[in-house]
Each structure stands twice: as structure tokens, then as C-alpha cells.
Amino acid sequence: MHAKWSAVDEYLVNTLLPADPVLDNLLLHNQQSSLPPIDVAPNQGQLLALLVQISGARKVLEIGTLGGYSTVWMARALPEDGCVVTLEADAHHARVAQENICSAGLNNVEIRVGPAADTLPGLAALAPFDLIFIDADKPNNPLYLEWALKYSRSGTLIIGDNVVRDGEVTNPESPDERVQGVRKFIKMLGQDPRLTVTALQTVGSKGWDGFTLARVK
Ligand SMILES: C[S@@+](CC[C@H](N)C(=O)[O-])C[C@H]1O[C@@H](n2cnc3c(N)ncnc32)[C@H](O)[C@@H]1O
Ligand SMILES: [Mg+2]
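Residues numbered from 1 in each chain as written. Chains lettered and ligands numbered in written order. Predicted model: local features only at pLDDT ≥ 70, side-chain atom pairs only at ≥ 80, totals over all residues. Heavy atoms only, no water.

Under an unreviewed UniProt entry, the name given to the chain is O-methyltransferase, and the source organism is Franconibacter daqui.

Trainee: Got a sec to walk through the coordination of the magnesium ion (ligand 2)? Specific residues and values, please.
Mentor: Note on the magnesium ion (ligand 2): its protein donors are Asp135 (OD), Asp135 (OD), Asp161 (OD) and Asn162 (OD1). The metal-donor distances range over 2.0 to 2.8 Å. Assessed through its relative accessible area of 4%, aspartate 161 is described here as buried. (Donors = N, O, S within 2.8 Å, 3.2 Å for Na, K, Ca; no water. Buried < 20%, exposed > 50% of the residue type's maximum accessible area, 1.4 Å probe, protein only.)

Trainee: Quick one: what's the story with the site of ligand 1, residue by residue and with numbers?
Mentor: What surrounds ligand 1 is a group of 22 residues, the closest being Gly64, Glu88, His93, Ala116 and Asp135. Between ligand 1 and the protein, one listed contact pairs a nitrogen atom with a backbone N or O atom of glycine 64 at 2.8 Å. Contact with the protein chains covers 88% of the free accessible surface of ligand 1, which is 600 Å². Because more than half of its atoms lie within 2 Å of the grid, ligand 1 is assigned to the largest pocket. Partitioned by chemical class, the residues of the shell around ligand 1 number 11 nonpolar, 5 polar and 6 charged. (Near = heavy atom within 4 Å. Polar contact = N/O pair within 3.5 Å; in protein donor to acceptor, adjacent residues only side chain to side chain. Areas by Shrake-Rupley, 256 points an atom, 1.4 Å probe, with all protein chains shown as cover. 1 Å grid on protein atoms, 1.4 Å probe; cavity = no way out; pocket = protein on both sides within 12 Å on 5 of 7 lines; lining within 4 Å. Sits in = over half its atoms within 2 Å of the grid points. Nonpolar A, V, L, I, M, F, W, Y, C, P; charged D, E, K, R; others polar.)

Trainee: So what's going on with the layout of surface pockets? Residues and values would help.
Mentor: Reported here for the largest pocket is a volume of approximately 940 Å³. What lines the largest pocket is a set of 46 residues, among which Ile38, Asp135, Lys138, Asp161 and Asn162 lie closest to the centre. Residue assignment for the lining of the largest pocket shows that the elements contributing at least two residues are helix 3 (42–55), strand 2 (83–88), strand 6 (195–204) and strand 7 (207–216). Across the lining of the largest pocket, the residue classes break down as 19 nonpolar, 14 polar and 13 charged. Quantified by volume, the second largest pocket comes out at close to 430 Å³. Lining the second largest pocket are 22 residues, and of these Val13, Leu17, Asp24, Pro42 and Tyr69 lie nearest its centre. (Points joined across faces, edges and corners; volume = space filled by probe spheres on them. Helix = DSSP H or I, 4+ residues; strand = E, 2+ residues; numbered from the N terminus.)

Trainee: Please give an account of the pairing of strand 6 that cites residues and values.
Mentor: Here strand 6 runs beside strand 7; their pairing, made up of 10 bridges, is antiparallel. Across the sheet, residue valine 203 finds its bridge partner in strand 7, namely tryptophan 208. Hairpin connection, strand 6 to strand 7: the antiparallel pair is bridged by 2 residues. (Pairing = 2+ DSSP bridges.)

Trainee: Can you explain the pattern of salt bridges? Please cite residues and give values.
Mentor: Taken as a whole and judged by the stated rule, the model has 8 salt bridges. Across the pair arginine 58 and aspartate 81 runs a salt bridge, and its minimum N-O distance is 3.0 Å. You can see arginine 58 sitting in the loop between helix 3 and strand 1 (59–63) and its partner aspartate 81 sitting in the loop between helix 4 (69–77) and strand 2, a full 23 residues away along the chain. (Salt bridge = Lys/Arg side-chain N within 4 Å of Asp/Glu carboxyl O.)

Trainee: Pulling in residues and values, what's your account of the packing of aromatic side chains?
Mentor: Within the structure shown, the criterion is met by 3 aromatic pairs. Between tyrosine 69 and tryptophan 73, the ring centres sit 6.4 Å apart and the planes meet at 80°, which makes this aromatic pair edge-to-face. With tyrosine 69 and tryptophan 73 both in helix 4 and 4 residues apart, this pair spans about one turn of that helix. We note that tyrosine 69, like tryptophan 73, is buried. (Phe/Tyr/Trp six-rings, centres within 6.5 Å; stacked < 30°, edge-to-face > 60°.)

This is the structure:
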């Protein structure tokens, strides 16, 4: 089944998305730098870019940079005065991301290095953000949602990545802390009267997963 999911993704990406040597090189550089291939898929990157544009976002906050693949998708979609602030705990990942962002010719991205729990409190002066993409260590998703809400305004979009985890998200007894973090995150989203929220499962080149999409009322 997975082979077919990947084949469909390949077909859709090749048919719908323009060839993009900058992003191809970015992924190659990530691979050569031994980064894990856990970036969003190209069609999901394009979805993030579309969400930036549809929402008219100018200020984007990303939690979890890796090599900056999703960062570049969002940064490119911004208007001229827009910016992405992206948080990364791993100094090597952040260095590779910085190189990738320079190679992509972008000057609207700021990487803050350190555990997001430590760097988030320093972003108050930049808030509110218009779009917040949560894609880091999943056990901390509940904490990141609290910060996202603090740094939001009416209309802010909050996106949570990798919330299905091969279906394991339905298992309340899961010993996996990432699953437990995501389960608590989803419960918080569902119970928060400030949010309109949905979630979608996805299959494709990245397996079986999904994301949440919330809008602050
Ligand atoms: C799934 S990857 C991000 C993928 C990226 N958003 C993309 O799609 O191209 C998660 C990243 O979060 C980082 N990370 C893990 N724990 C973190 C923390 N406590 N604070 C900030 N970043 C963290 C990891 O080092 C990793 O680079
Ligand atoms: Mg992800």
C-alpha cells in the first residue's frame, strides 16, 4: 500500500508543482549533512505556502526547523514585509538550515537556536503571529499550543504536524510519549472555546500521518 501512496504523491507533485532545483538542493544538502528525512512532503509544503497566502499572513512562527524545508516554503509565500521566525534546538540542524536559507536567497527568516521552551518566552515583542506551525518534539505540543495561543490574535492559524502517527494516536495506552503529547494537544484543541479546529489524515510519501488546523476566533 505504501508504494501506491508514494506513487500517487509523486504523480501529483510532478504534475502540479513546478520543478524546483532550490528545494531539491536543499533536501540533498540535508541528506549530505545527515539530517533525518522528516521534513514535510512537497505537496504539504505547498499547502503551507497556500495557507500563508490565503490567510494573508505576514508574521509566521515555526517551532521545529530541521533543515528549513518547510521554512523555505512559507518564507517564499510571504509578502515583501513578511518574516518567519523559526525555532530549532539542535545547533547542527540550525546551521544546515541557515546555509539552506542563504542558498535559497531568502533574507526574511530568523532562526533562534535552543529548546523552544527556552526561546519562546523571548518572542513576545514579535507577537502576534499570523500563522504558527508546530512541528518539533511532540511531547511538548501541549506547551507549544499554550504559547501559540498567547502569541495569537483573532484569525491566527495554528497548524500541528504529525498528529496521526500511523494511527497510534487512537491508543490511549500508548507508551510513546510523542503519541501522548499529541493526544493531549488534540484534546486541548478540541476543548478550547477560542478555536475553530479540524484535523486531516494524510497518506503519501511520508507514510500515514496527518495534521491539525485551527483558527483563533
Ligand atoms: C520534524 S522536524 C522539523 C521539520 C521541518 N519543520 C520541516 O518540515 O522541514 C523537528 C525538528 O524539531 C527539532 N526539535 C526537537 N526538539 C526541539 C525543541 N525542544 N525545541 C526546538 N526544536 C526541537 C528537531 O531537532 C528537528 O529538527
Ligand atoms: Mg512534521
